[in-house]
Amino acid sequence: MLLGTMGFGCCNPFQKSWGTLMDLTAATHLKKVGKVNDNFNTSILFMMKMLTASSLLCAVMALTTAAALSGAVVPVHDVGHSCPGGWNLIIDRCFLYVPREMSWARAEKNCQSLGANLASVHRAEEYHGIKKMISDRTHGHPETWLGGSDSEEEGVWFWSDGSPFSFSYWCRGEPNNRLKQHCLQMNHGDDKCWDDEKCHHGLPSVCAKYPA
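Residues numbered from 1 in each chain as written. Predicted model: local features only at pLDDT ≥ 70, side-chain atom pairs only at ≥ 80, totals over all residues. Heavy atoms only, no water.

**So, the overall build of the protein**
Alright, step 1. In terms of helices and strands, the protein carries five helices and eight strands.
Alright, step 2. When the 212 residues of the protein are sorted by exposure, 34% land in the buried category.
Alright, step 3. By sequence separation, contacts in the protein at least 24 residues apart represent 68% of the contacts at least 6 residues apart.
Alright, step 4. Here the protein has roughly 12800 Å² of accessible surface; of this, 57% comes from carbon and sulfur atoms. (Helix = DSSP H or I, 4+ residues; strand = E, 2+ residues; numbered from the N terminus. Buried < 20%, exposed > 50% of the residue type's maximum accessible area, 1.4 Å probe, protein only. Contact = heavy atoms within 4.5 Å. Areas by Shrake-Rupley, 256 points an atom, 1.4 Å probe, with all protein chains shown as cover.)

If you want it as structure tokens, here you go:
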């Protein structure tokens, strides 16, 4: 139903190719009476392959567009690119868990030395992937720095990589800025959610960057 209402232009060549196939099929009968040359079977096979490829491409484009229109998350897997050794591909970025405990500023500087930033998070699926990466690495759920901070202005949170702070996973009652807490830690409390913490505290961290 959805495919029929979207008006995908990619299917027009398929419709034209179908008409061509019908012409070729009719010509097959002529071959039987000696009016088509011996290369005709090759032409038929080639056209069949073209039709198959066209229909598959049209179906993929239709499904992708349908997912986008419905608001569904369409994971983007790297094509021709890969993450460095030790990094994990989650959705469309590479993530690295750094077990060494550092202040938020030093953790950010460390990520920058690796061509990355402290991780920003933009959807629930991404956050769950990061939690799983840490759990697989540590067999636990240690509180860990992410790239969020409101050190410039209280209550105005931003990501160190400059991306929009449009998704959050704060614990209940957080952030509360207790005793000047301006940096974002994950895996806090029983719900493994977000909490604001003093930036000078030493914690593990997560770096993130796009595949090279």
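Back to the text.
**Here's the deal with the side chain of Glu174**
Alright, step 1. With respect to the helices, strands and loops of the structure, Glu174 is situated in the loop between β5 (158-159) and β6 (183-188).
Alright, step 2. Among buried charged residues, Glu174 stands out as having no salt bridge; its nearest opposite-charge side chain is Arg178, 7.6 Å away.
Alright, step 3. Apart from residues no more than four positions distant in its own chain, Glu174 is found in contact with Trp194, Asp195 and Asp196. (Lys, Arg positive; Asp, Glu negative; His and termini not counted. Salt bridge = Lys/Arg side-chain N within 4 Å of Asp/Glu carboxyl O.)

**Quick notes on the state of the cysteines**
Alright, step 1. Overall, the coordinates contain four disulfides when judged by the stated rule.
Alright, step 2. The residue that forms a disulfide with Cys83 is Cys94, at a sulfur-sulfur distance of 2.0 Å. Its S-S torsion of about -90 degrees marks the bond between Cys83 and Cys94 as left-handed, since a negative value means left-handed. Separated by eleven residues along the polypeptide, Cys83 in the loop between α3 (40-69) and β1 (88-90) and Cys94 in strand β2 (residues 93-102) bring together distant segments of the chain.
Alright, step 3. Since its relative accessible area comes to 0%, Cys94 is described here as buried.
Alright, step 4. In this model, Cys111 is linked to Cys207 through a disulfide, with the two sulfur atoms separated by 2.0 Å. (Disulfide = S-S within 2.5 Å.)

**Considering the environment of Asn176**
Alright, step 1. Mapping Asn176 onto the fold places it in the loop between β5 and β6.
Alright, step 2. Taking the relative accessible area as the measure of exposure, Asn176 reaches 40% and is therefore partly exposed.
Alright, step 3. For Asn176 and Glu197, which are 21 residues apart along the polypeptide, the C-alpha to C-alpha distance reads 9.4 Å.

**Let's talk about the pattern of salt bridges**
Alright, step 1. Scanning the model with the defined rule gives three salt bridges in all.
Alright, step 2. Where Arg93 meets Asp161, a salt bridge forms, and the shortest distance between an N and an O atom there is 3.9 Å. Pair noted here: Arg93 is in strand β2 and Asp161 is in the loop between β5 and β6, with a separation of 68 residues, a long-range link.
Alright, step 3. Taking relative accessible area as the criterion, Asp161 reaches 31% and is therefore assigned partly exposed.

**Regarding the nonpolar core**
Alright, step 1. Membership of the largest hydrophobic core comes to 19 residues, with the highest contact counts inside it found for Phe95, Val121, Ile130, Leu146, Trp194 and Val206.
Alright, step 2. Looking at this core, the elements that each hand over two or more residues are β2, α5 (124-138), β6 and β8 (203-209).
Alright, step 3. In terms of residue count, α5 provides more of this core than any other element does, four residues in total.
Alright, step 4. Ile130 has contacts with Ile90, Phe95, Val121, Met186 and Val206, leaving out every residue within four places of it along the chain.
Alright, step 5. Grouped together as the second largest cluster of nonpolar side chains are 14 residues, Cys94, Leu96, Trp104 and Ala116 included. (Core = buried A, V, L, I, M, F, W, Y, C linked by side-chain atoms within 4.5 Å.)

**Some details on the pairing of β2**
Alright, step 1. The buried fraction of β2 amounts to seven of the ten residues, a majority that puts the element mostly inside the structure.
Alright, step 2. As judged from the three bridges shared by β1 and β2, these two strands associate in the antiparallel manner. Across the sheet, the residue bridging to Asn88 is Phe95, located in β2.
Alright, step 3. Between β1 and the antiparallel strand that follows it, β2, lie two residues; Ile91 among them carries a positive phi value of about 60 degrees.
Alright, step 4. Bridge analysis of β2 against β8 gives six bridges, and the strand direction is antiparallel. For Met102, the partnering residue across the bridge sits in β8 and is Leu203. (Pairing = 2+ DSSP bridges.)

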